[in-house]
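# Descriptive structure summary
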Amino acid sequence: MLLSRKSHNKLVAPAPIDEQLEVMFRAALRAPDHALLKPWRYRVFEGEALHELATHMVTAAAHDDPEISEDKLAKLKTKPFRAPMVIVASVVIQEHPKVPEIEQILSGGASVQNLLMAAHFQGVGAMWRTGSLAFSQKMMDLLGFEDKETLIGFVYLGTEEGDKRQARISEIEEHVTRI
Ligand SMILES: Cc1cc2nc3c(=O)[nH]c(=O)nc-3n(C[C@H](O)[C@H](O)[C@H](O)COP(=O)(O)O)c2cc1C
């Protein structure tokens, strides 16, 4: 199962059901976590709530670039609807003498990966996306983020439509050196 995971960019209904989501979040909360800071946060947007996410995206984009074209805004408005569910993943960074920010963000990445794997194991299609709005303070404010909270991804979830996308496969030798 680990070797066959891949991203799906064409996702349709149904969204994961509650039982599947519970497994995904339980897996996400099993990420390695130095000093047990539990930095992970997830906000789930599904159905009508996707309109709210789309509105936030448009508002943040227009705020960050007042010159942005109507075309781009209209396109942005459709983005959350590329899947029946979008989960905004974030980490709340805490001051800690032994755990620098990067370790807390790495833990967030591990948590999202666990979530993606738990999705895959249950036949749920997923894709981790960011884009410029992932780094927009306005977007984070609109989402109600805490002061030290930072966005690490929009996880698109649903049922894969067909199986067209090729998995990325590298050769081990390109990445691994045995000393
Ligand atoms: C932090 C992060 C952000 C990403 N953001 C995007 C994105 O905005 N758009 C995109 O097409 N792929 C994005 N990707 C890559 C895809 O999720 C995916 O991993 C990639 O297309 C390779 O496909 P695979 O997962 O099937 O190997 C991101 C990956 C990571 C780890």
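Along each chain, the written sequence defines residue order, and numbers are assigned to residues from 1. With the structure being a predicted model, the display of local features is reserved for residues of pLDDT at least 70 and the display and counting of side-chain atom pairs for 80 or more, all residues being used for whole-chain, interface and lining totals. Values shown for side chains rest on all heavy atoms present in the structure; no hydrogens or waters enter the calculation.

### Things to note about helix H2 (residues 49–64)
- If you check H2, its first and last C-alpha atoms are 23 Å apart, about what 16 residues at 1.5 Å a residue would give, namely 22 Å.
- Of all the positions in H2, only Leu50, Leu53, Ala54, His56, Met57, Val58, Ala60 and Ala61 are classed as buried.
- Only heavy atoms matter for contacts: two residues are in contact if any of them lie within 4.5 Å across the pair. Only DSSP runs of H or I reaching four residues or more are called helices, and only runs of E reaching two or more are called strands; each is numbered from the N terminus. In this fold, the buried residues of H2 make contact with strand E2 (40–46), helix H3 (70–78), strand E3 (85–92), helix H5 (137–142) and strand E5 (149–160). Expected helix span is computed as 1.5 Å times (number of residues minus one). Partly exposed residues are those whose accessible area sits between 20% and 50% of the maximum for their type, while under 20% is buried and over 50% is exposed, using a 1.4 Å probe and protein chains only.

### Some details on the site of the ligand
- Residue proximity to a molecule or strand is established when one non-hydrogen atom of the residue lies within 4 Å of it. In the vicinity of the ligand, the residues found are Arg5, Lys6, Ser7, Met127, Trp128, Arg129, Thr130, Gly131, Arg165 and Arg168.
- Separating an oxygen atom of the ligand from a side-chain N or O atom of arginine 5 is a distance of 2.9 Å.
- A distance of 2.8 Å is found between an oxygen atom of the ligand and a side-chain nitrogen or oxygen belonging to arginine 168.
- A 1.4 Å probe and the Shrake-Rupley method give the accessible areas. Residues count as covered only by the protein chains that appear here. Look at the ligand: alone it shows 620 Å² of surface, and the protein chains cover 63% of it.
- When the residues that make up the shell around the ligand are grouped by side-chain class, the tally is two nonpolar, three polar and five charged. Here a polar contact is recorded for every N or O atom pair within 3.5 Å, except that within protein the pair must consist of a potential hydrogen donor and a potential acceptor, and residues adjacent in sequence are included only if both atoms are side-chain atoms. Three residue categories are used. Nonpolar comprises Ala, Val, Leu, Ile, Met, Phe, Trp, Tyr, Cys and Pro, charged comprises Asp, Glu, Lys and Arg, and polar comprises the others, including Gly.

### Overview of the pairing of E3
- Of all eight residues in E3, eight are buried, a share of seventy percent or more.
- A pair of strands is labelled paired if DSSP reports no fewer than 2 bridges between them. One ladder, built from seven bridges, connects E2 with E3; its direction is antiparallel. Bridge pairing links tryptophan 40 to valine 91 in E3.

### Regarding the packing of helix H1 (residues 18–28) against helix H4 (residues 101–121)
- Note on definitions: angles span 0 to 180 degrees between N-to-C directions of axes, and those axes are lines fitted to C-alpha atoms, for helices only across the stretch in contact. Relative orientation of the contacting elements H1 and H4 amounts to 145°, with a least axis distance of 7 Å. Seen from above, H1 lies across H4 with right-handed handedness. Residues Val23, Met24, Phe25, Ala27 and Ala28 of H1 form the contact with H4, whose own contacting residues are Ser111, Asn114, Leu115, Ala118 and Ala119.
- Within the contact of H1 with H4, the residues separate by chemical class into eight nonpolar, two polar and no charged. Throughout, a crossing is termed right-handed when the near helix is turned clockwise from the far one, and left-handed when it is turned anticlockwise from it by less than a right angle.

### Things to note about the UniProt feature "domain: Nitroreductase" (unreviewed entry) in the protein chain
- UniProt positions are given in the numbering used here, feature names are shortened, and annotations may be inferred rather than shown by experiment. In the numbering adopted here, UniProt assigns the feature "domain: Nitroreductase" (unreviewed entry) to residues 4–158.
- End C-alpha atoms of residues 4–158 are separated by 17 Å, and the span's content is 41% helix alongside 21% strand.

### Here we look at the packing of aromatic side chains
- Here the aromatic set is Phe, Tyr and Trp, taking the six-membered ring for Trp, and pairing holds for ring centres within 6.5 Å; pairs whose planes are under 30 degrees apart are stacked, those over 60 apart are edge-to-face, and all others are tilted. Counting across every chain of the model gives one aromatic pair.
- Directly above the ring of tyrosine 156 sits arginine 129, whose terminal nitrogen or CZ lies 5.3 Å from the centroid. Here, over-ring charges are defined by two tests on the NZ atom of lysine or the CZ atom of arginine: distance to the ring centre within 6 Å, and angle to the ring normal within 35 degrees.

### Thoughts on the UniProt feature "binding site: FMN" (unreviewed entry) in the protein chain
- Within the UniProt annotation, "binding site: FMN" (unreviewed entry) is assigned to Arg5, Lys6, Ser7, Arg30, His34, Trp128, Arg129 and Thr130. For this annotated set, covering 126 residues, the C-alpha atoms extend up to 28.0 Å from each other, a dispersed arrangement in space.
- Relative to the helices and strands, histidine 34 resides in the loop between H1 and E2.
- In contact with histidine 34, other than residues within four places in its own chain, are Lys98, Val99 and Glu103.
- Residue position: arginine 129 is located in strand E4 (residues 125–129).
- With sequence-adjacent residues up to four places away left out, arginine 129 is seen in contact with Asn9, Arg82, Gly153, Phe154 and Tyr156.

### Considerations on the side chain of histidine 56
- As for its placement among the helices and strands, histidine 56 is situated in helix H2.
- On the basis of relative accessibility, which here comes to 14%, the residue histidine 56 falls in the buried class.
- Not counting chain neighbours up to four residues away, the residues in contact with histidine 56 comprise Met139, Leu142 and Leu143.

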